[in-house]
Amino acid sequence: MKARPTSISQSQARRIALAAQGFLDPPHTPPTMRTFQRTLDRTGVLQVDSVNVLQRAHYMPLYSRMGPYDVDLLRRAAEERPRRVVEYWAHVQAFMPVELWPHLQFRMDHYRARRGKWAVLDDDPALEASLLAEIREVGAATARDLDDGLPRAKDQWGWNWSRTRQVLDYLFSVGDLAIAGRTSQFEVLYDLPERVIPAAVLALPTPTPAEAHLELVRRAARAHGVATVRCLQDYYRMHVDQVRPAVATLVESGELLPVTIEGWKRPAYLHCDARVPRRVGARALLSPFDPVVWERERAERLFDFHYRIEIYTPAHKRVHGYYVLPFLLGEHIVARVDLKADRRTRTLVVKGAYAEPAAPPETAEELTAELSVLAGWLGLDTVVVEPRGDLAARLV
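Keep in mind it's a predicted model, so treat the numbers as computed, not measured.

What counts, and at which threshold
Residues numbered from 1 in each chain as written. Predicted model: local features only at pLDDT ≥ 70, side-chain atom pairs only at ≥ 80, totals over all residues. Heavy atoms only, no water. Helix = DSSP H or I, 4+ residues; strand = E, 2+ residues; numbered from the N terminus. Rg over C-alpha atoms; globule rule 2.2 N^0.38 Å. Buried < 20%, exposed > 50% of the residue type's maximum accessible area, 1.4 Å probe, protein only. Contact = heavy atoms within 4.5 Å. Areas by Shrake-Rupley, 256 points an atom, 1.4 Å probe, with all protein chains shown as cover. Salt bridge = Lys/Arg side-chain N within 4 Å of Asp/Glu carboxyl O. Phe/Tyr/Trp six-rings, centres within 6.5 Å; stacked < 30°, edge-to-face > 60°. Lys NZ or Arg CZ within 6 Å of the ring centre and 35° of its normal. Polar contact = N/O pair within 3.5 Å; in protein donor to acceptor, adjacent residues only side chain to side chain. Pairing = 2+ DSSP bridges. Axes fitted to C-alpha atoms, helices over the stretch in contact; angles between N-to-C directions. Arc of directions from axis to C-beta. Core = buried A, V, L, I, M, F, W, Y, C linked by side-chain atoms within 4.5 Å.

A. Up close: the overall build of the protein. Along its length, the protein carries 14 helices and 16 strands. Taking 2.2 N^0.38 as the reference for a compact globule, 396 residues should give roughly 21 Å; the C-alpha atoms of the protein span a radius of gyration of 22 Å, in line with that estimate. The burial tally for the protein puts 54% of its 396 residues in the buried class. Across the protein, contacts joining residues at least 24 apart in sequence account for 65% of those joining residues at least 6 apart. As displayed, the protein has an accessible area near 18,600 Å², and 51% of this comes from carbon and sulfur atoms.

B. Structural detail: the pattern of salt bridges. Tallied over the full model, the rule gives 29 salt bridges. Where Glu 80 meets Arg 75, a salt bridge forms, and the shortest distance between an N and an O atom there is 2.8 Å. Residue class for Glu 80 comes out partly exposed when judged on its relative accessible area of 34%. Look at Arg 75 and you get partly exposed, because its relative accessible area is 30%. The structure contains a network of salt bridges with shared partners spanning Glu 99, Glu 215, Arg 218, Arg 219 and Glu 255.

C. Structural view of the packing of aromatic side chains. One pass over the full model with this rule turns up seven aromatic pairs. With a centroid separation of 5.5 Å and 70 degrees between ring planes, the pair formed by Tyr 235 and Tyr 236 is classed as edge-to-face. Take Tyr 235 and Tyr 236: they sit in the same class, and that class is buried. Ring pairs connect the aromatic residues Tyr 63, Tyr 69 and Trp 377, which therefore count as one cluster. Over the ring of Tyr 170 we find Arg 115, and its NZ or CZ is 4.2 Å from the ring centre.

D. Focus on the side chain of Arg 65. In this fold, Arg 65 is placed in helix 3 (residues 60-66). On the basis of relative accessibility, which here comes to 11%, the residue Arg 65 falls in the buried class. In terms of polar contacts, Arg 65 uses its side chain to reach the backbone carbonyl oxygen of Gln 21, at 2.8 Å. Polar contacts involving the side chain of Arg 65 include one to the side chain of Asp 290, which spans 2.8 Å. Ignoring sequence-local partners within four residues, the contact set of Arg 65 consists of Gln 21, Phe 23, Thr 39, Thr 43, Asp 290, Pro 291 and Val 292.

E. Structural view of the sheet that holds strand 16 (residues 382-385). With mixed pairing, the five strands of this open sheet are ordered in space as 12-13-14-15-16. If you trace the sheet from one side to the other, it starts and ends with strand 12 (283-285) and strand 16, each paired once. Within the sheet, the average angular offset between the axes of one strand and its neighbour, ignoring direction, is 30 degrees. Across the sheet, helix 14 (residues 363-377) touches strand 12, strand 13 (324-329), strand 14 (332-342), strand 15 (347-355) and strand 16, and the angle it forms with strand 12 is around 60 degrees.

F. Structural view of the pairing of strand 7 (residues 178-182). Counting buried positions along strand 7 gives four out of five residues, so the element sits mostly inside the fold. Pairing analysis gives four bridges linking strand 7 to strand 8 (residues 188-191), with the strands arranged antiparallel. What sits directly across from Gly 181, in strand 8, is Leu 189. Counted along the chain from strand 7 to the antiparallel partner strand 8, the turn is five residues long, and its residue Phe 186 has a positive phi close to 70 degrees.

G. Spatial organisation of the pairing of strand 3 (residues 85-89). For strand 3, the buried fraction is high: five of the five residues fall into the buried class. Burial of strand 3 is two-sided: the residues Val 85, Glu 87 and Trp 89 facing one way and the residues Val 86 and Tyr 88 facing the other way are all buried. Pairing of strand 3 with strand 4 (residues 93-97) involves five bridges; the strand directions are antiparallel. Pairing of Glu 87 across the sheet is with Phe 95, part of strand 4. Linking two consecutive strands that pair antiparallel, namely strand 3 and strand 4, is a turn of three residues.

H. Structural context of helix 13 (residues 296-303). Taken residue by residue, helix 13 has Arg 296, Arg 298, Ala 299, Leu 302 and Phe 303 as its buried positions. Seen from one end, helix 13 has its buried residues packed into an arc of 155 degrees, which puts them on one side. Residue Asp 304 follows helix 13 closely and has a positive phi angle near 50 degrees.

I. Structural detail: the nonpolar core. Formed by 59 residues in total, the largest nonpolar core has its most connected members in Tyr 88, Met 96, Trp 101 and Tyr 236. If one sorts the elements of this core by residue count, helix 10 (residues 209-224) sits on top with six residues. Look past the residues within four positions of Tyr 88 in its chain and what remains in contact with it is Gln 93, Ala 94, Met 96, Trp 101, Leu 104, Arg 107, Met 108, Tyr 111, Phe 172 and Ser 173.

J. Here's a closer look at the sheet that holds strand 3. Pairing is antiparallel in the open sheet, where three strands are placed in the order 2-4-3. Since the sheet does not close on itself, it has two edges, and those belong to strand 2 (46-47) and strand 3, each with one partner.

K. Geometry of the environment of Thr 228. With respect to the helices and strands, the residue Thr 228 is situated in the loop between strand 9 (226-227) and helix 11 (229-235). The sequence separation of Thr 228 and Tyr 269 amounts to 41 residues, and the corresponding C-alpha distance is 6.2 Å. The residues touching Thr 228, leaving out its near neighbours within four places in the chain, are Trp 264, Arg 266, Pro 267 and Ala 268.

So far we have only geometry, and geometry alone does not tell us how the molecule works.
This is how it looks when you write it as structure tokens:
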């Protein structure tokens, strides 16, 4: 049996992480449901976000790993039998494998005890019972369908939620409702869990909190390949007190192997099945919500890449732009581009393009090629590069 390392270089850690996330998987042309399932098995979760300046966040990690694919694959996986994924508060709001539903019961119980995810929701048993009864009778419905019709006011960064919407979100958070799908306007369709979650999954025994924590940390470790406790904690947004005992159990069983990583101060853990490839030949644009970069300290340690999303930063204070995607080439992040899909003119607009300090000479050529592929996948006819950033003039 080949001995596993106790110390790995930063480059090895990068390659392990990228392999674990699926960047070594052979392509399928065109990608199929089998490709989708393989990719989901790698990432574990697909963060959901409503920003649609380029493409909604949950579609992008699949594209980055599978290449151009039919987005209906994700809709089918989420809305048709056999359901493969379901939305829940996993990392944040995210698609997750449907079999994880029982393992998030501890989180549902926590939200029930504190009456909500963030702000405490006042008790309203009559409205809760009324909404559940109406959904039971009419089937999947949006908050708008069930609302009392009162006008809503736009304030700051979002829509003020009606009382109905607040209670529906609470019922979803505690597992009394599930998300059956979304409308073309991205509105959530709520339904009873027994009409969304497969019966075989609902019939499973509910894990104890400790068992659930162990399974989530196990999946996070597999998805990362190599990780610190902080990395593992962030993947499913767990508390460190939930993660440390699980890590200790997995180390004792040999599933996780303690290692040190060059330049990292924190102890790390290598998954026993992690691949340590000699090279990674990736070329991909990564969403700001991609698991490779969503934990910013990890991205900085792995790639020497300082990254902050600037969507909520006032325009005059943004450094790189509104919706900036890292560009992965090989095992390195070599550039970042601020992108917008102008659907009216069928144009992919490069609002800014910036090379990283160690970007290789072929960066512009490879990024140009990748932008062309992305535009085609999005149904856009042309790519227009605005003159902002040191890399912009070299994109053709």
